[in-house]
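# Analysis of the macromolecular model
Next come the chains, spelled out residue by residue.
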Amino acid sequence: MADPRTKLDIIYQEVLGEVSELVGRIEAVSERLTEASEHAGRAGERSAEQIHQVTAAAAAKLKAELDHAGDRLLARVEKVTQEATAAATVVHRSARRFATLALAVGLAGGIIGGALAGWALSSALL
């Protein structure tokens, strides 16, 4: 941009600089939110899988050891396994919701940044 000639030109240049910095910050936050949502999604999936594996292994081990101990105890262990699996499912769903929310916030930030940049550029060109 050329050297400012009027106070209005100086103000436009300052506003454009601030808007540009704000857009850069919004884009950086958007990228971080996207990364965080991906990490949260992967962590939720890993947690759900690990909980399922541990409870299934424990149930199988107890079933093998307690084959003669009675059906009542085994039924109780199976119920605990089902509850743990349900908890793992809740953890996974929560992680997916967080990932979706973070993505939505990032997109909204990008849209707002783009709108601010467009407004600043259109004001500067007028």
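Our structure's up above, just so we're on the same page.
Because the structure is predicted, anything quoted here is derived from the model rather than measured.

Quick notes on the rules
Residues numbered from 1 in each chain as written. Predicted model: local features only at pLDDT ≥ 70, side-chain atom pairs only at ≥ 80, totals over all residues. Heavy atoms only, no water. Helix = DSSP H or I, 4+ residues; strand = E, 2+ residues; numbered from the N terminus. Buried < 20%, exposed > 50% of the residue type's maximum accessible area, 1.4 Å probe, protein only. Areas by Shrake-Rupley, 256 points an atom, 1.4 Å probe, with all protein chains shown as cover. Polar contact = N/O pair within 3.5 Å; in protein donor to acceptor, adjacent residues only side chain to side chain. Contact = heavy atoms within 4.5 Å. Expected span 1.5 Å × (residues − 1). Salt bridge = Lys/Arg side-chain N within 4 Å of Asp/Glu carboxyl O. Patch = residues over 30% accessible without salt bridge, like charges linked within 9 Å, V, L, I, M, F, W, Y side chains within 5 Å. Lys, Arg positive; Asp, Glu negative; His and termini not counted. Charge placed at Lys NZ, Arg CZ, Asp CG, Glu CD.

In this section: the overall build of the protein chain. In terms of regular secondary structure, the protein chain is built from two helices and zero strands. Relative to its full complement of 126 residues, the protein chain shows a buried share of 19%. For the protein chain, the accessible surface area stands at approximately 9,400 Å², while carbon and sulfur atoms represent 61% of it.

Our next topic: the side chain of T55. Of note, T55 is situated in helix α1 (residues 7-65). We classify T55 as buried; its relative accessible area is 14%. A distance of 2.8 Å separates a polar atom in the side chain of T55 from the backbone oxygen of I51. Beyond its immediate sequence surroundings of up to four residues, T55 is in contact with T81, A84 and T85.

For T89, the position within the fold is in helix α2 (residues 71-125). Counting along the chain gives 40 residues from T89 to E49, while the straight-line C-alpha distance between them is 9.2 Å.

A separate point is α1. Taking 1.5 Å per residue as the helical rise, α1 with its 59 residues ought to reach 87 Å, and the 86 Å between its terminal C-alpha atoms agrees with that figure. The set of residues buried in α1 consists of L16, V19, V23, I26, S30, S37, A40, G41, G44, A48, T55 and A59.

Using the criterion set out here, one finds one salt bridge in the structure. Of the charged contacts, one joins E21 and R25 as a salt bridge, the two residues approaching to 2.7 Å between their closest N and O atoms. Taken as a pair, E21 and R25 lie in helix α1 at a separation of four residues, close to a single helical turn. Overall, the relative accessible area of 55% leaves R25 in the exposed class.

Right, let's get into a negative patch on the surface. The grouping of E27, E31, E35 and E38 at the surface amounts to a negative patch. Tracing the chain through its elements places E31 in helix α1.

Turning to its location among the elements, L22 is positioned in helix α1. Take L22: its relative accessible area is 37%, and that puts it in the partly exposed class. Separated by 94 residues in sequence, L22 and L116 place their C-alpha atoms 8.7 Å apart.

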